[in-house]
Amino acid sequence: MIRARIIATGSYAPEKVLTNFDLEKMVDTSDEWITERTGIKERRIADEKQAASDLAYVAAREALKGSGLKARDIELIIVATVTGDMSLPATACILQDRLEAKRAAAFDVNAACSGFIYGLSVANAFIKSGAYRRVLVVGAEVLTKFTDWEDRTTCVLFGDAAGAAILEAVNEDRGILCTKIHSDGSMWDLLHTPGGGSRYPASKETLRKKQHFIKMKGNETFKIAVRTLEGLVLETLDENKLKPADLALLVPHQANLRIIQATASRIGLPMDKVAVNLDRYGNTSAASIPFALDEAVRCGRVRDGDYILLEAFGGGLTWASALIRW
Ligand SMILES: CC(C)(COP(=O)(O)OP(=O)(O)OC[C@H]1O[C@@H](n2cnc3c(N)ncnc32)[C@H](O)[C@@H]1OP(=O)(O)O)[C@@H](O)C(=O)NCCC(=O)NCCS
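Here the structure is a predicted model, which is why all the values come from computation and not from measurement. (Residues numbered from 1 in each chain as written. Predicted model: local features only at pLDDT ≥ 70, side-chain atom pairs only at ≥ 80, totals over all residues. Heavy atoms only, no water.)

Moving on to the overall build of the protein chain. Scanning the protein chain from N- to C-terminus turns up eleven helices and 13 strands. Taking 326 residues into account, the globule formula puts the C-alpha radius of gyration at 20 Å, and the protein chain, at 19 Å, falls close to it. Along the three orthogonal principal directions, the C-alpha set of the protein chain runs to about 55 × 45 × 35 Å. A burial count over the protein chain gives 54% of its 326 residues as buried. In the protein chain, of all internal contacts separated by at least 6 residues, the share reaching a separation of at least 24 is 77%. Roughly 14,300 Å² of accessible area belongs to the protein chain as shown, and the carbon and sulfur atoms make up 50% of that amount. Charge-centre separation for the protein chain: the mean point of 42 positive side chains lies 3 Å from the mean point of 42 negative side chains. (Helix = DSSP H or I, 4+ residues; strand = E, 2+ residues; numbered from the N terminus. Rg over C-alpha atoms; globule rule 2.2 N^0.38 Å. Buried < 20%, exposed > 50% of the residue type's maximum accessible area, 1.4 Å probe, protein only. Contact = heavy atoms within 4.5 Å. Areas by Shrake-Rupley, 256 points an atom, 1.4 Å probe, with all protein chains shown as cover. Lys, Arg positive; Asp, Glu negative; His and termini not counted. Charge placed at Lys NZ, Arg CZ, Asp CG, Glu CD.)

Next comes the structure, spelled out in structure tokens:
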């Protein structure tokens, strides 16, 4: 049976660090509040010249290097992002050009924080169908350029990063075993960036109303995320006749430590089997899962044959999981 296997990963975060103490000087907040409510201590901030494709490029180069492949071996590039370089063209096309991946088709996926798993799921389907053998999936976000630095309810949460994975067709009993993607558009307004699209085209008015910044109803989103993620994880494991104890590692979207802990506790998974790096990077939306996965791989937390589960919840609303036998 043909499966898609992640043969290499890569990641990148900008150098500039913004700590909770720095934020104390910018808005009415405290290190104590941010740490207790979110688990975040610091995040990385892209410089003025860095766009999503610049972060994606470094992560993708690293993944390519690890894979031993050349850019021209890649047949498809999928970039998951809600903070792409421009609304036209796709950031994936800009990345294709920078990588000189001349044979690759390229497009973006917009599923907010679930975007990387959505991308993985599309790549998996293409590979299983036999259409492509080698696919690059990247999650890349520069959320801090869409952050209202006067809004303490959102500006303490986000950071910038990119993570990449190269998938290859294999005829083995390992690789991606299953992906699940879900959406509920009735709650789109819980998390959105209203201005600059065709609903509210960019104008002096949209700028004045700060409509180009991310708006989030955090508390409502939080409650739905906790409820949904438990069901999602158990559904994914059940379908594959696995139990939480079979997992070597859970790689959750890094939105809030309390959401991650609640999910782990509800399914009875100890936190030492959960990848967490939001303390250092904050919520990097579609980049958070490939970034945390790459870190886990580099730290030796992932071994051949391990069962790994990726899960995410985000704007849309969207939620998604991927079960992998490494
Ligand atoms: C955003 C989030 C951290 C806020 O935590 P919370 O416990 O829900 O806090 P609330 O929004 O209920 O706010 C509680 C109080 O803290 C205040 N507050 C909000 N941000 C604050 C900050 N940065 N510093 C200090 N106080 C703050 C609020 O104004 C509110 O004050 P009030 O009670 O006087 O009105 C949390 O809701 C969250 O992580 N949400 C989900 C994010 C998510 O999963 N998104 C989807 C994927 S990206």
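Considering all chains together, one arrives at 21 salt bridges under this definition. The partner of E239 in a salt bridge is K180, with the nearest N and O atoms 2.8 Å apart. Of this pair, E239 sits in helix 8 (residues 218-239) while K180 is found in strand 8 (residues 175-183), placing the two residues 59 residues apart along the sequence. The partly exposed category is assigned to E239, whose relative accessible area is 48%. Assessed through its relative accessible area of 14%, K180 is described here as buried. Among the ionic contacts, a cluster of salt bridges with common partners joins R5, E172, R174 and D304. (Salt bridge = Lys/Arg side-chain N within 4 Å of Asp/Glu carboxyl O.)

What follows deals with the side chain of R3. Here R3 is to be found in strand 1 (residues 3-12). Exposure remark for R3: the relative accessible area of 11% places this residue in the buried category. Setting aside anything within four residues of it in sequence, one finds R3 in contact with I127, E168, A169, V170, E172, D173, R174, G175, I176 and L177.

Around the ligand, the structure places 24 residues, and the nearest of them are T29, R37, R152, N219 and N256. For the ligand, an oxygen atom lies 3.0 Å from a polar atom in the side chain of R258. At the level of elements, helix 2 (31-38), helix 6 (152-155), helix 8, helix 9 (257-267) and strand 12 (307-314) are the ones that each hand at least two residues to the shell around the ligand. Top element by residues in the shell around the ligand is helix 8. It accounts for four residues. (Near = heavy atom within 4 Å. Polar contact = N/O pair within 3.5 Å; in protein donor to acceptor, adjacent residues only side chain to side chain.)

The subject of this paragraph is the domain arrangement of the protein chain. Many authors give the size of an interface as the accessible area that is lost as the parts come together. Per the domain assignment, the segments making up the protein chain are domain 1 (3-172) and domain 2 (177-325). Between domain 1 and domain 2, the residue contacts involve 48 residues of the former and 44 residues of the latter. Taken together, both faces of the contact between domain 1 and domain 2 bury some 3,700 Å²; the carbon and sulfur share is 62%. For the domain 1 face of the interface with domain 2, the top three residues by lost area are C113, I117 and Y118, together amounting to 19%. Taken together, the links from domain 1 to domain 2 amount to three salt bridges. K210 is paired through a salt bridge with D148; the nearest N and O atoms lie 3.2 Å apart. For the pair domain 1 and domain 2, the number of links is 23 residue pairs in polar contact (both at pLDDT 80 or more). Secondary-structure elements contributing two or more residues to the side of domain 1 that touches domain 2 are strand 1, helix 2, strand 3 (42-45), helix 5 (115-129), strand 6 (134-142) and strand 7 (160-170). With seven residues, helix 5 is the largest single contributor of residues to the side of domain 1 that touches domain 2. In terms of residue class, the side of domain 1 that touches domain 2 is built from 21 nonpolar, 15 polar and twelve charged. (Domains from an automatic or database assignment. Buried area = accessible area lost by both parts, 1.4 Å probe. Nonpolar A, V, L, I, M, F, W, Y, C, P; charged D, E, K, R; others polar.)

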